[in-house]
Structure formats: C-alpha cells, structure tokens
Amino acid sequence: MPSVLTVDPGVHLGYALVGREFTLDVLVLSGDYREAVGEAVRRLRPLLLKADRVYVEEWGYQGRRLGKEQMVPLALAGAFLALGAEPVDPGWKWRMTRGLLLGSAEKMGVKFPSGLDRKDRALWFRLHLEGYGPALSRIRELPKKLRPHALDALALAIYARSYEKIGGKEVAPG
C-alpha cells in the first residue's frame, strides 16, 4: 500500500505519514504566513520525499476580508497544492463519521482526551473502532491544544488511503 502524507494546514499544522512508515505530529508555526510556509516545507521535506501521495485539506474563507489568522492556513494549503498535493474537500470529516453514535462510545468505555470537540470525538471513535489505538495514544500524549490537529491529520490519512484503495472514488471508509 502506498505511503500517504496528509497535512491539516494552520499555525498548528498537523501532519501524518501512514504507509511503509508511520509519523504523526504537529508543527507550531509562525503567525506570519511567509515564515510559516517556508518553515513547514523545510521541516516536512523529508516526509514529502517519502510519500507516494500527499493530501491537504482544502481551506476556504467566506468572510468579507481576510484577517491575519486566515492567511496562514490559506498560504499553507496553496504551497502544498503547488508542490503537488491533492486537495481533499472539508466534507471528508462528515463523510467519515456519518452514522456514528457517540453515545455508543460511552457504553463501550471509550475515553476521549480533553481538547476535542464533538466532530473530533466522532473521528476519535471511528479510528478507535478501526483499531488505531496506538496512534490515538500518541495523540493523547500531545498538549491539549495540539490534539485536534494531529487527530485531523491522522483521520485524513486513513480517509485518503481508503479513497486511494478504490481508485479515486470518494466514499466514507468503514
């Protein structure tokens, strides 16, 4: 199976390499989009070279004016797309967690780490059900504010690999 690198763009850039090797972490980048792009590309270069496919979550902004906080994710997404990454529609999270009942997670004794919102808890539960416990343990070790970004990157990698397995037809794994 090919190695997939996924990037969740932002000042807290989550990334995951899943395949022949496994890497999962979060880069804490500068709030200046030029510095953030340079640092992200420089630090992820070894993983970019190892990956067979690279995916980045599309990031859009629908406001009147771009603020400083929107520039970093947009610039990062653009940079990775320019380097050949494939965009993934932000609706992937909904497709991946569709039909999951979080109430059943409590009945099964699944413990969620702090720092996750409802959508993130649904992703956590999906990955728990699919047997990604060791990777979830790695996320649990991260500081609270970084956990959602690592979780998104890991879940996006699992989603992208499922997408890849079926020849590019976009379906929810599971």
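Before any of the text, the structure's been laid out above.
To keep things clear, this report deals only with the structure shown in the data block.

Glancing now at the pattern of salt bridges. By the definition in use, this model includes 9 salt bridges. Glu130 is the salt-bridge partner of Arg126, the closest N and O atoms lying 3.6 Å from each other. For Arg126, a relative accessible area of 13% corresponds to the buried category. Of the charged contacts in the structure, one is a salt bridge between Arg138 and Glu141, with a shortest N-O distance of 4.0 Å. Of the two residues, Arg138 and Glu141 both sit in helix H6 (residues 133-141), 3 residues apart, roughly one turn of that helix. Classification of Arg138 by relative accessible area gives partly exposed; the value is 26%. Linked by salt bridges that have partners in common, Asp25, Arg138 and Glu141 make up one network.

Our focus in this paragraph is the nonpolar core. Judged by nonpolar contacts, the single largest core of 33 residues is most densely connected at Trp92, Met96, Leu127, Ile139, Leu151 and Leu154. Residue assignment for this core shows that the elements contributing at least two residues are strand E2 (12-18), strand E3 (22-28), helix H3 (92-97), helix H4 (102-107), helix H5 (118-129), H6 and helix H7 (147-165). Ranked by the residues each element gives to this core, the list is headed by H7, at 10 residues. Apart from the residues within four sequence positions on either side, Trp92 is in contact with Glu57, Leu123, Asp152, Ala155, Leu156 and Tyr159. Among the nonpolar cores identified, the runner-up in size contains 22 residues, and Leu13, Tyr15, Leu76 and Ala77 belong to it.

Considering only alpha carbons, one finds Arg138 and Leu24, 114 residues apart in sequence, at a separation of 7.8 Å. Not counting chain neighbours up to four residues away, the residues in contact with Arg138 comprise Leu24 and Asp25.

To continue, consider the sheet that holds strand E5 (residues 86-88). The 5 strands lie next to each other as E3-E2-E1-E4-E5, forming an open sheet whose pairing is mixed. Sheet topology places E3 and E5 at the edges, where each strand pairs with a single neighbour. Direction aside, the axes of adjacent strands within the sheet are offset by 20° on average. Bridging between E2 and E3 involves 7 bridges; their strand directions are antiparallel. Bridge assignment links His12 to a residue of E3, and that residue is Val28. Packing of helix H1 (residues 33-50) onto the sheet brings it into contact with strand E1 (4-8), E2, E3 and strand E4 (53-57), and relative to E2 it is tilted by some 10°.

Conventions used here
Chains are numbered independently. Their residues run from 1 in the order of the written sequence. Note on the predicted model: pLDDT of at least 70 is required for a residue's local features to be given, and 80 or more for side-chain atom pairs to be given and counted; whole-chain, interface and lining totals, by contrast, use all residues. Computation of side-chain values: all heavy atoms of the structure, hydrogens and water removed. The salt bridge definition used is simple: a Lys or Arg side-chain nitrogen within 4 Å of an Asp or Glu carboxyl oxygen. A 1.4 Å probe rolled over the protein chains alone gives each residue an accessible area, and that area as a share of the maximum for its type sets the label: buried under 20%, exposed over 50%, partly exposed in between. Helix and strand labels come from DSSP, where a helix needs a run of H or I of at least four residues and a strand needs a run of E of at least two; each type is numbered from the N terminus. Buried Ala, Val, Leu, Ile, Met, Phe, Trp, Tyr and Cys residues that are joined via side-chain atoms within 4.5 Å together make up what is termed a nonpolar core. Contacts are assigned to residue pairs that have any heavy atoms within 4.5 Å of one another. Being paired, for any two strands, means DSSP has found at least two bridges between them. Angular values range over 0 to 180 degrees, each being the angle between N-to-C directions of two axes fitted as lines to C-alpha atoms, with helices fitted over their stretch in contact.

Bear in mind that shape data such as this cannot, by itself, settle questions of function.
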